[in-house]
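Inside the fold
The lines below spell out each chain.
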Amino acid sequence: MSRSLLLGLLIFVLLIIGLALLDGRFFLLLMPLLIYVGVALWGMPDTIPVRAYRDLQTIALQEGDSAAMTLKLVNNGSAIPVMEVHDLLPGRLRVAEGITGLVTTLSSGSAVEVAYTLEAPRGAYEFQSVSVMVSETLGLFHRSARLPAYARLIVMPRARRLRPLPIRPRRTLGFAGPIPSRQSGVGVDFYGVREYQPGDPLRRVNWRAMARRPDHPHTTEFEQERIADVGLILDVRRQSVLEMQGTSLLEHGVHATAALAESLLHDGHRVGLLLYGRGIEWVFPGYGRLQNERILRALAGAGPGDSQVFASLDFFPARLFPPRSQLIFISPLMDGDYQMLFRLRVQGYAVFVVSPDPVSFEVAYLRSSPLLPLAIRLVQLERRLLLQQLRQGGICCVNWQVHQSLDDSLHTAMKSIWHAGLLSGSK
C-alpha cells in the first residue's frame, strides 16, 4: 500500500470518528496530517521539464562485442526534489557493466547521466523512451512520464572465415578472380599450346616443344581466372524455421550465410543477398567490405516470415539475379522446393544448396523413447531421398550437420561432388 493511500485512509478514519463522536480532539489530530499533505502538494512539481538525450557509442557491432550507452537528462524547468530514472531496454539486450537507472535530485538547468555497457545476440534493436518518475521531498506524491529518446542498435552475426569455395557458374565477369573460365589468357593453370605469334613474351615460349621442332616455335597458354555474380538466398519461411528449447535452426543458417558472403567477397566476387519468406528483402549485388557490411546488417534483422505469398518457392524472384549466375540457397528444404530449384537450373543458373540438417538438429533435443530410433530412421530416409533427387537433377547439395564445422562440411562434400561431376566449368 502506498504512503499517500495510507495517509488518506488515516485522515478519512479520523474524520469519520470525530464526526460520529463529536469530539474535537480527533479534529486536532487531523491538523498535522493535513499540514503534511499541504507541504507535499506545495513541493510537488507541476510538470516534468526534463529532456532525455541518448548517445550510443556505435550503431552497429558484431556478436560478442559490446557498446557503451550514455543517457543524459537535462532539467529545463524548476528544481526537482526527487527523480527516479529507468531506461527501457528493448528485446534481449543485456547490461554487461553499469546500471540503467538511478534516483537523484536535479536542480534547475542541471543534468545527470546514466552510463552502461550493452551486449546482445544478433538482431536489430530500437530504444524508444526513458521512464522517469518525479516526487516531492516527502515522497508522498509522484508523477510519471516516458521521455522520448530514440536510438537504434544493430548486432550483426559474426562470420567465420571459410576456405575458398570452388563454385562454377555458367557465366563469369571480365575481371580477374579464382574461377577458371575455360578461355586462354592471364592465369596460372596450363590451358594449351599454340604456334608462336609475333609479340608473344619470351617467358611464355614452350622450349620443350621448340626443342623437338626448332623451326616451329610454340607458346604456352594459361587459363583465365575470373570472378562471378553470386546470389545468396537465405530461407526465412516460418514453415522451415525449426526451434528447440530456445535454439533456432535459422541462427545456423544466418551464420552460414554470413560466412559464405565474407568468403565470396574476399575472393572478389560480386555478391547479393535475398531473404526469402517475409517479402522481397533484397541487398543489391556489390563488391568488397562495404557490401559485406550491407549483407551483415540485413542478416542482423533476419527473422521468421509469415508471408502466404512466399510460403513456397513458386514465386521466387529469379529476375533479381543476373542470367547464368551462381545461386546459393541456404535452407533446410521443404517438400516441393526441388521443383523450383530444377526450373532455375533449366533457366541457366548454377544452383548450389547448403542445407542445415533439421533432423540431426531436432534429434539432439529429443528425449529417448523405444520408438525414437525407428522414427529417426524414417525421417532420415525421407530427407536422403530429397537430397538424392536434387543431386540427380544436377544440383550441388551439402547436407550440413550444424554441430559440425561448416568449412569442413563444405569441402568434404565438394570432394564427392567433384567426383560425381556435378560442378561444371563456366562458359
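Along each chain, residue indices are assigned from 1 in the same order as the chain's sequence is written. Local features in this predicted model are restricted to residues of pLDDT 70 or higher, and side-chain atom pairs are both shown and tallied only at a pLDDT of 80 or more, whereas totals for entire chains, interfaces and linings draw on every residue. No hydrogens and no water enter the side-chain calculation; it runs on all heavy atoms of the structure.

**Thoughts on the layout of surface pockets**
Whether a set of points on the 1 Å grid over the protein atoms alone is a cavity depends on a 1.4 Å probe fitting there but being unable to get out, while an open set qualifies as a pocket with protein on both sides within 12 Å along at least five of seven lines; lining residues are those with an atom within 4 Å of a point. Grid points are joined across faces, edges and corners, and a volume is the space filled by probe spheres set on the points. A volume near 390 Å³ is recorded for the largest pocket. Around the largest pocket, the lining is made up of 18 residues, and of these Pro332, Leu333, Met334, Pro358 and Arg383 lie nearest the centre. Here a helix means four or more residues in a row that DSSP labels H or I, a strand means two or more in a row labelled E, and each is numbered from the N terminus. Taken together, the elements giving at least two residues each to the lining of the largest pocket come down to helix 7 (358–363) and helix 8 (372–392). When residues in the lining of the largest pocket are grouped by element, the largest group, six residues, is from helix 8. Each residue receives one of three labels: charged for Asp, Glu, Lys and Arg, nonpolar for Ala, Val, Leu, Ile, Met, Phe, Trp, Tyr, Cys and Pro, and polar for the others, Gly being one of them. Split into classes, the residues belonging to the lining of the largest pocket amount to eleven nonpolar, three polar and four charged.

**With respect to empty space enclosed by the protein**
Under the defined criterion, the tally for this structure stands at three cavities of 30 Å³ or more. Only strand 12 (229–235) and helix 4 (249–266) provide two or more residues apiece to the lining of the second largest cavity. Counting residues per element, the lining of the second largest cavity draws most heavily on helix 4, at three residues.

**Some details on the sheet that holds strand 2 (residues 60–62)**
One bridge is not enough; two strands pair if DSSP finds at least two bridges between them. The strand order 2-9-8-4-6 describes an open sheet built from five strands, whose pairing is mixed. Edge strands, defined here as strands with exactly one partner in the open sheet, are strand 2 and strand 6 (101–106). For this sheet, the mean angle separating the axes of adjacent strands, direction not counted, is 30°. Alignment of strand 4 (residues 80–87) against strand 6, held across five bridges, turns out to be antiparallel. Looking at strand 6, one finds that valine 85 is bridged to leucine 102. Pairs of residues are marked as contacts when any of their non-hydrogen atoms sit within 4.5 Å. Fitted lines through C-alpha atoms serve as axes, helices being fitted only where they are in contact, and the angles separating the N-to-C directions of these axes extend from 0 to 180 degrees. Contacts from helix 5 (residues 288–300) reach strand 2, strand 8 (123–135) and strand 9 (142–156), with the element oriented near 130° to strand 9.

**Comments concerning the packing of helix 4 against helix 5**
If you want to describe how two helices pack, look at the angle between their axes and the distance between the axes. Put simply, helix 4 and helix 5 touch, their axes get as near as 10 Å, and they point 170° apart. Between helix 4 and helix 5, the angle falls in the class roughly antiparallel. Across the interface between the two elements, Val254, Thr257, Ala258, Ala261, Glu262 and Leu265 from helix 4 touch Gly288, Gln291, Asn292, Ile295, Leu296 and Leu299 from helix 5. Here the contact of helix 4 with helix 5 is composed, by residue class, of seven nonpolar, four polar and one charged. Reported orientations rely on four angle classes, namely roughly parallel under 35 degrees, roughly antiparallel over 145, roughly perpendicular from 65 to 115, and oblique for the rest.

**What to know about the packing of helix 6 (residues 337–346) against helix 8**
Interhelical geometry of helix 6 versus helix 8 gives an angle of 10° and a closest axis separation of 10 Å. Put simply, helix 6 runs roughly parallel to helix 8. Across from Tyr338, Leu341 and Phe342 in helix 6, the residues of helix 8 making contact are Leu386, Gln389 and Leu390. Along the lines of polarity and charge, the residues of the contact of helix 6 with helix 8 split into five nonpolar, one polar and no charged.

**Section: the pairing of strand 3 (residues 67–75)**
Looking at chain direction, strand 1 (residues 50–56) and strand 3 are connected through seven bridges and run antiparallel. By the bridge assignment, tyrosine 53 is partnered in strand 3 with lysine 72. Direction of pairing for strand 3 relative to strand 7 (residues 111–119): antiparallel, over a ladder of eight bridges. The partner of lysine 72 across the bridge, within strand 7, is glutamate 113.

These results come straight from atomic positions and should not be treated as a statement about function.
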